[in-house]
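Below are the chains, spelled out letter by letter.
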Amino acid sequence: MIGPLSTVLLIFGGCCSNVFALEAIIKSEPSSGLLITFFQFVFTTVASYPTQCSPGSPYTVRRPTVPLRRWVLIAALFFGINMLNNWAFAFSISVPVHIILRSFGSVTTMIMGVIRGKTYSALQVLSVMILTAGVLVSAWADSESKGKSLSLENSTSTSDFSTGLAILLLAQLMSAWSGAYVEDTYAMYKASWTENLFYSHVFSLPMFLPLSQTLRTQYARLAATPPLRFDRKGAIFEQQLGAVPDLLVDAFSILGESMPRGILFLLVNATTQLACISGVNLLSSKSSAVTVTIILNIRKLVSFIFSTILFGHPMSVKMIVGSALVFGSGALYGYETSWRLPAQRRKDRMASEAESGSTKKTT
């Protein structure tokens, strides 16, 4: 049984280190999103297969608790969401802004909750409104940093950036619906998070077949990158990264100097993604879709800070304000959802029980 601490370590450790490898790949080959997604899916499928093996037979899979058609739909959604998120990098979207815009998921998740009949407090709605404002400010700041304008008069120069925003918005809408669907699946069938992890990835692999030529092309480009060279005194990745800890240099030195840097970071990205997605699936099996979204927003804050510091992304005043609004609204929502509302419900329940006991004594 994996406890809460292990779940947090998987999410924060795996996802944050994943951003490090992702940024290194994107800096070298911005159009490698498809290959990144494919490697992540293969690694996760292979690693999660043993959890679904039949007892005493490593070559057969035990009967799933959830109908396969439901897993196929979840896999198709998961595949589409990951493809869109990684595809956005090809449209002038930087990693820090990618992180911020994906934090917009709280809005789409709440909209999906309203459609499904859920109600939210005024503070929850306010936090989502603040989040929306933060996303818009961040998008504006990133556009300006690239010498562009968000005005209609400059529509030609902003076409790529606008396309990237549209792709991420579509991914968030799909993610909100998928999160609600997965939440219902756990509730209806009492499924294991490892079952979701395996089937959502294995059923996605055939969807890469029509894209095999693109995968080969992207792999060839990464395989053509030179090996990493290390300045062990200053722990500097040549031409790629800023200052990093000596321990990280020691860990990469053996592999880094003997294989193409693109392939090295691709393997690191896929491995850390396995830890990240394991933690997310474990959290999803025990929490609501909105709670999962908020916790992931906090994780994205940490990733945002790492990406900005390690890779030297410029931070304008607008970007700082936008990111503060985004992550501050996540903290506000978390306070309302995880502390104030539960405390209020407990207080109301105790008052109701006391009133009921008083009525019984009177009668």
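Up top is the structure these notes are about.
These lines cover the structure that appears in this document, whether it is placed above or below. These numbers come from a predicted model, not from an experiment.

Broken down by element type, the protein carries 13 helices and four strands. The contacts of the protein with a sequence gap of at least 6 include a subset with a gap of at least 24, amounting to 80%. Approximately 17700 Å² of the protein is accessible, and the part contributed by carbon and sulfur atoms is 67%.

Bridging between strand E1 (residues 53–54) and strand E2 (residues 57–61) involves two bridges; their strand directions are antiparallel. Looking across to E2, one finds that Ser 54 is bridged to Ser 57. In sequence, E1 turns back onto E2 through a hairpin of two residues, with Gly 56 there showing a positive phi of about 80°.

For the rest of this paragraph, the subject is the environment of Thr 132. For Thr 132, the location among the structural elements is in helix H6 (residues 122–145). In the structure, Thr 132 is positioned 197 residues away from Ser 329 in sequence and 9.2 Å away in space, judged by C-alpha atoms.

One can describe the packing of helix H2 (residues 33–48) onto helix H3 (residues 68–87) by two numbers: an axis separation of 8 Å at closest approach and a directional angle of 140°. As summarised for this structure, H2 and H3 are arranged oblique, according to the angle between their axes. Where H2 crosses over H3, the handedness of that crossing is right-handed. Counting all contacts with H2, which are made through Gly 33, Leu 34, Ile 36, Thr 37, Gln 40 and Phe 41, the residues of H3 involved are Phe 78, Phe 79, Asn 82, Met 83 and Asn 86. For the contact of H2 with H3, the residue count by class is six nonpolar, five polar and no charged.

Quick look at the packing of helix H9 (residues 212–223) against helix H11 (residues 261–284) now. Close contact between H9 and H11 brings their axes to 6 Å; oriented N to C, the two are set at 115°. Residues Tyr 219, Leu 222 and Ala 223 of H9 form the contact with H11, whose own contacting residues are Gly 262, Ile 263 and Leu 266. Its residues placed into classes, the contact of H9 with H11 shows five nonpolar, one polar and no charged.

Our focus in this paragraph is unusual backbone geometry. In this structure, Lys 190 is a non-glycine residue whose phi angle is positive, near 50°. Among the secondary structure elements, Lys 190 is positioned in the loop between helix H7 (159–189) and helix H8 (193–202). Overall, Lys 190 belongs to the exposed group, its relative accessible area being 69%.

Glancing now at the nonpolar core. One broad trend across soluble globular proteins is that nonpolar side chains are buried collectively. Phe 265 and Leu 266 are the most contacted members of the largest nonpolar core, which has 43 residues in total. For this core, the elements supplying multiple residues, two or more each, are helix H1 (4–28), H2, H3, H7, H8, H9 and H11. Top contributing element to this core by residue count: H11, with 11 residues. Those residues in contact with Leu 266 that lie beyond four places of it in its chain are Ile 25, Leu 35, Ile 36, Phe 39 and Leu 222.

Our focus in this paragraph is the pattern of salt bridges. Here the structure, examined in full by the defined rule, presents one salt bridge. Glu 336 serves as the salt-bridge partner of Arg 340, at 2.6 Å between the closest nitrogen and oxygen. Note that Arg 340 and Glu 336 are positioned in helix H13 (residues 317–362) at a spacing of four residues, about one turn of the helix. Exposure remark for Arg 340: the relative accessible area of 30% places this residue in the partly exposed category. A relative accessible area of 0% means that Glu 336 is categorised as buried.

Under the definition given, this model contains 13 aromatic pairs. Considering the side-chain rings of Tyr 199 and Phe 203, the 5.5 Å spacing of their centres and the 35° angle between planes classify their relative orientation as tilted. Through a chain of ring-to-ring contacts, the aromatic side chains of Phe 38, Phe 39, Phe 41, Phe 43, Phe 78, Phe 79, Phe 208 and Tyr 219 assemble into a single cluster. Taking NZ or CZ as reference, Arg 70 lies 4.1 Å from the ring centre of Tyr 181, over its face.

Rules behind the numbers
- Residues numbered from 1 in each chain as written.
- Predicted model: local features only at pLDDT ≥ 70, side-chain atom pairs only at ≥ 80, totals over all residues.
- Heavy atoms only, no water.
- Helix = DSSP H or I, 4+ residues; strand = E, 2+ residues; numbered from the N terminus.
- Contact = heavy atoms within 4.5 Å.
- Areas by Shrake-Rupley, 256 points an atom, 1.4 Å probe, with all protein chains shown as cover.
- Pairing = 2+ DSSP bridges.
- Axes fitted to C-alpha atoms, helices over the stretch in contact; angles between N-to-C directions.
- Parallel < 35°, antiparallel > 145°, perpendicular 65-115°, else oblique.
- Left-handed = near helix turned anticlockwise from the far one by under 90°.
- Nonpolar A, V, L, I, M, F, W, Y, C, P; charged D, E, K, R; others polar.
- Buried < 20%, exposed > 50% of the residue type's maximum accessible area, 1.4 Å probe, protein only.
- Core = buried A, V, L, I, M, F, W, Y, C linked by side-chain atoms within 4.5 Å.
- Salt bridge = Lys/Arg side-chain N within 4 Å of Asp/Glu carboxyl O.
- Phe/Tyr/Trp six-rings, centres within 6.5 Å; stacked < 30°, edge-to-face > 60°.
- Lys NZ or Arg CZ within 6 Å of the ring centre and 35° of its normal.

It is worth stressing that arrangement in space is one thing and function is another; only the former is reported here.
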